[in-house]
Amino acid sequence: MRIIVLVKEVPDTYGDRKLDLETGLADRSASEKVLDEIGERALEVAISYAESHAGTEVVALSVGPDSVPTTLRKALAMGATSAVHVLDDALRGSDLTLTAEVLSKAIERTTFDLVIAGNLSTDGTAGVIPSMVAELLGVPHATNLGSIDISESEVRGMRTTDDGTMEIVTPLPAVVSITERMPDARFPNFKGIMAAKKKPFETVSLSDLGIDAEAPVPRSIVVAVAEKSARAAGVKIIDEGNGGQQLADFLIANKLA
Amino acid sequence: MPASRLMVSEEADDIVALARELATQKLAPRVADDEKQAIFPRDIFALLGQAGLMSLPYPEQYGGGAQPAEIYLQVFEEIGAAWASVGVGISVHALSCFPLANYGSEEQKSRWLPEMLSGDTLGAYCLSEAHAGSDPAAMRTKATRTEGGYLINGAKAWTTHGGNADFYTVMARTADTGGRGISCFLVPADAEGLSAASPEQKMGLTGSPTATMNFDNVFVEEARRIGAEGQGLSIALAALESGRLGIAAVATGLAQGALDLAVTYAKSREAFGKAIIDHEGLGFVLADMAADVESARATYLSAARLKDVGRPFGKQAAIAKLVATDNAMKVTTNAVQVLGGAGYTKDFPAERFMREAKVMQIFEGTNQIQRLVISRDLARAS
Ligand SMILES: Cc1cc2nc3c(=O)[nH]c(=O)nc-3n(C[C@H](O)[C@H](O)[C@H](O)COP(=O)(O)OP(=O)(O)OC[C@H]3O[C@@H](n4cnc5c(N)ncnc54)[C@H](O)[C@@H]3O)c2cc1C
């Protein structure tokens, strides 16, 4: 089985995350770049399946700038079999539709049985890429899985929503996305880092994928960006014997109770 | 802010990144509590061992990582920046493996080294005695010949990991010929007659147990003697040459941690209507701290590069240990100053950093002894 895991380089949540107010893009120099944690969890699902199922190939796929190889190397060090990096200047600031198109073309090119992604990236937080990719690939999708069971012919899992949980099952090939309920990813180790050097690593451009980023199709463009306004001071409740009542009044007034 | 490093290769970058990731995610959340309660974090060493970071300096064929000093020392530094006791611990473990890895016979190495480098075991190094610290040639612990091996009797003071280690690399006297009468032995923790006294109550580095190891007729088979009889002190001193680079790296990490804390605090703390970092008098204190950290790093890396190409590096290692640990003492003392009253409380790690820095000027040769090594080298050089 060939599993493709979508991974993304994102600014580290430990640092300040900033938008470049000129371009409207994430200011990538503002913080360390890391492999998105949810993508690591997706990778963990694939690698642990591969460990118990000989003949499974795990391909880490990422679209992004020239710093991406560092995070893809981490995916290889954790245990992915090979990595594909889609790198193209024309992808700067690409919107969701273009990103989904690029991913699906890269997936088709590699061929696949299963695509695993995180449900939501820590930086973009759009949460729709897995479904869009499935749509473009013409395969079923099972998104927001909090548990997952992969077999030769299908994937089964629990999706948790605000209203409850549902068990879903889809035949392969398919696209699934997982949530933070899935186990933490393993850390790479020294042996993995050394082995990563020798694993296949492919860099592909948009023309390799037959995509024209300038094609006259509808795209979303950023019209304006602005710094998030500073947070206003909160309400301070001073307890003079009636603190409890004041708290309750506050919660009621704000429809929190 | 992570240190800005120029690494020799992508995988070197990845190895140091792994150390930093483990340090921030696994070590940093635990350090304050464990140090406060004097808990020895044995499981953290297991974690680092599984990651392959406990055996980086030694050959691949015995399970090591075969990494140059330039790389593994930066791993030590990242670990030391998060938790000094653990940084010292991996450095002492490397020190304890040094004699076998460098002076053991092929047979000895294949018999014991793989386990020592597996990441599952932890080593200790027994050189100092109560009356013989700076002057190890004055040691009295004896190894007397007996059928098939030796009987060791005496007491080894100040053993880092004492009572918790899986193996002990021990220097003991085999002849009454001063520095030339000492031999080196690899003693397993379960050897009969080997016991640890209760650990020292220390000023800092409380998560790292330090204990006197008592040897009461401890039998050691002849095959466990490393090198020739009488070669022990020179083996011990060679091990310390490399060990000092480890301590220099850990001290640099400690200083970096103190600098990071001080800078973060100084940006958010205000006095006289502005952040204290914007008062020149304090900003310059921070600038000096940054200069001390960078120069410590540059000094140990420069010594490491000499070691990696096989050139003599004893003087440079002594200079690195001296500069890095004296700088760490200055930087951590100033970190307390930058935090003001808060720095003097146990609510912030600044005071702990200061206590941890102090011991770095003392062990693996006091900084007076480093000056002795340097000045002797100067006197010898033509
Ligand atoms: C926490 C901790 C962990 C340790 N871990 C280990 C370990 O794992 N294994 C091990 O073998 N040892 C270990 N040691 C011992 C350490 O290496 C010694 O404490 C150190 O070498 C100094 O020896 P001493 O304490 O006997 O001091 P002394 O030798 O008594 O020195 C006292 C003072 O005199 C100065 N002095 C001595 N000789 C001279 C001289 N010729 N010129 C100028 N000044 C001089 C010293 O610099 C020092 O200031 C550890 C010590 C500590 C505190």
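Report follows, based on the coordinates. (Residues numbered from 1 in each chain as written. Chains lettered and ligands numbered in written order. Predicted model: local features only at pLDDT ≥ 70, side-chain atom pairs only at ≥ 80, totals over all residues. Heavy atoms only, no water.)

### Digging into the overall build of chain B
In terms of regular secondary structure, chain B is built from 10 helices and 10 strands. Each of the three principal axes of chain B carries a C-alpha extent, and together these read 80 × 45 × 40 Å. For chain B, with 382 residues in total, the buried portion stands at 55%. Once local pairs closer than 6 in sequence are excluded, the contacts in chain B between residues at least 24 apart make up 73%. Accessible surface for chain B amounts to roughly 15800 Å². Of this, 52% is attributable to carbon and sulfur atoms. When the 35 basic and 44 acidic side-chain charges of chain B are each reduced to a single mean position, those positions are 6 Å apart. (Helix = DSSP H or I, 4+ residues; strand = E, 2+ residues; numbered from the N terminus. Buried < 20%, exposed > 50% of the residue type's maximum accessible area, 1.4 Å probe, protein only. Contact = heavy atoms within 4.5 Å. Areas by Shrake-Rupley, 256 points an atom, 1.4 Å probe, with all protein chains shown as cover. Lys, Arg positive; Asp, Glu negative; His and termini not counted. Charge placed at Lys NZ, Arg CZ, Asp CG, Glu CD.)

### Here we look at the interface of chain A and chain B
Contact residues are listed per partner, giving 13 residues for chain A and 18 residues for chain B. Interface area, chain A with chain B, both sides summed: about 1400 Å², of which 62% is carbon and sulfur. Interface area lost by chain A to chain B is led by Arg-73, Phe-187 and Phe-190 of chain A, which between them contribute 48%. Here chain A and chain B share 4 salt bridges between them. Lys-74 of chain A serves as the salt-bridge partner of Glu-21 of chain B, at 2.7 Å between the closest nitrogen and oxygen. Where chain A touches chain B, the interface holds 5 residue pairs in polar contact (both at pLDDT 80 or more). Every element with two or more residues in the side of chain A that touches chain B is listed here: α2 (68-78) and α5 (190-196) of chain A. Its residues placed into classes, the side of chain A that touches chain B shows 6 nonpolar, 2 polar and 5 charged. (Buried area = accessible area lost by both parts, 1.4 Å probe. Salt bridge = Lys/Arg side-chain N within 4 Å of Asp/Glu carboxyl O. Polar contact = N/O pair within 3.5 Å; in protein donor to acceptor, adjacent residues only side chain to side chain. Nonpolar A, V, L, I, M, F, W, Y, C, P; charged D, E, K, R; others polar.)

### Notes on the pairing of strand β5 (residues 82-86) of chain A
Residue and element names in this part refer to chain A. Judged by how many residues are buried, β5 sits mostly within the fold: 5 of 5 residues are covered. Where strand β4 (residues 57-63) lies against β5, 5 bridges are found, and the strand directions are parallel. Residue Leu-61 lies in a different strand from β5, and its bridge partner there is Val-84. Note that the unit made of β4, α2 and β5 has a crossover that is right-handed. Of the pairings in the sheet, the one linking β5 to strand β11 (residues 201-204) comprises 4 bridges and is parallel in character. The residue bridging His-85 from the neighbouring strand is Thr-203, located in β11. (Pairing = 2+ DSSP bridges. Right-handed = clockwise from strand over helix to strand, strands pointing away.)

### A closer look at the sheet that holds β4 of chain A
Residues and elements named next belong to chain A. Pairing within the open sheet is mixed, and its 9 strands lie in the order β9-β8-β7-β10-β6-β1-β4-β5-β11. Single-partner strands in this sheet number two, and they are β9 (164-171) and β11. Strand-to-strand twist across the sheet, computed as the mean angle between neighbouring axes with direction ignored, equals 35 degrees. Where α2 meets the sheet, its contacts fall on β4, β5 and β11, and the angle it forms with β5 comes to roughly 160 degrees. The strands touched by helix α4 (residues 129-137) are β1 (2-6), β6 (114-118), β7 (141-150) and β10 (174-178); relative to β10, the strand with the most contacts, the crossing angle is about 180 degrees. (Axes fitted to C-alpha atoms, helices over the stretch in contact; angles between N-to-C directions.)

### Some remarks on the site of the ligand
All names here are of chain B. Neighbouring the ligand are 17 residues; Ser-128, Ser-134, Trp-158, Thr-366 and Gln-368 lie closest to it. A distance of 3.5 Å separates an oxygen atom of the ligand from a polar backbone atom of Gly-133. The contact in question runs from a nitrogen atom of the ligand to an N or O atom on the side chain of Thr-160, over 2.8 Å. Against a free-state accessible area of 970 Å², the protein chains account for coverage of 66% of the ligand. Those elements that place two or more of their residues in the shell around the ligand are β3 (149-160) and α10 (367-380). Ranked by residue count, the leading element in the shell around the ligand is β3, at 3 residues. Classifying every residue of the shell around the ligand gives 7 nonpolar, 8 polar and 2 charged. When residues of the shell around the ligand are sorted by domain, at least three fall in each of domain 2 (123-231) and domain 3 (234-380). (Near = heavy atom within 4 Å. Domains from an automatic or database assignment.)

### Some details on the environment of Glu-214 of chain A
Locating Glu-214 of chain A in the fold gives a position in the loop between β11 and α6 (243-253). Along the sequence, Glu-214 of chain A and Leu-114 of chain A sit 100 residues apart, while their C-alpha atoms lie 30 Å from each other.

### Re the environment of Thr-23 of chain A
Secondary-structure assignment places Thr-23 of chain A in the loop between β2 (9-11) and β3 (33-35). With 70 residues separating them in the primary sequence, Thr-23 of chain A and Gly-93 of chain A have C-alpha atoms 8.6 Å apart.

### Section: the packing of aromatic side chains
Residues and elements named next belong to chain B. What the rule picks out here adds up to 5 aromatic pairs over all chains. Here Phe-98 and Tyr-103 contribute two aromatic rings whose centre-to-centre distance is 6.5 Å and whose plane-to-plane angle is 50 degrees, an arrangement assigned as tilted. Its relative accessible area of 29% is what places Tyr-103 among the partly exposed residues. Centre to centre, the rings of Tyr-265 and Phe-348 are 5.9 Å apart; their planes meet at 85 degrees, and the pair counts as edge-to-face. With a gap of 83 residues between them, Tyr-265 in helix α6 (residues 232-268) and Phe-348 in the loop between α8 (314-338) and α9 (350-360) connect regions that are remote in the sequence. (Phe/Tyr/Trp six-rings, centres within 6.5 Å; stacked < 30°, edge-to-face > 60°.)

### Quick notes on the packing of helix α4 (residues 84-103) of chain B against α6 of chain B
Residue and element names in this part refer to chain B. Orientation of α4 relative to α6, taken along the N-to-C sense of each, is 160 degrees, at an axis distance of 9 Å. With respect to α6, the axis of α4 lies roughly antiparallel. Taken as a pair, α4 and α6 cross one another with a handedness that is right-handed. Along the contact surface, α4 presents Ala-84, Gly-87, Val-88, Ser-91, Leu-95, Phe-98, Pro-99 and Tyr-103, while α6 presents Ile-235, Ala-238, Ala-239, Leu-240, Ser-242, Gly-243, Gly-246, Ile-247, Val-250 and Leu-254. Residues of the contact of α4 with α6, tallied by class, amount to 13 nonpolar, 5 polar and no charged. (Parallel < 35°, antiparallel > 145°, perpendicular 65-115°, else oblique. Left-handed = near helix turned anticlockwise from the far one by under 90°.)

### Comments concerning the nonpolar core
Judged by nonpolar contacts, the single largest core of 144 residues is most densely connected at Ile-116 of chain A together with Leu-53 of chain B. With 20 residues, the top contributor of residues to this core is α6 of chain B. Counting residues in hydrophobic clusters, the runner-up holds 27 residues, among them Leu-61, Ala-117, Ala-134 and Val-204 of chain A. (Core = buried A, V, L, I, M, F, W, Y, C linked by side-chain atoms within 4.5 Å.)

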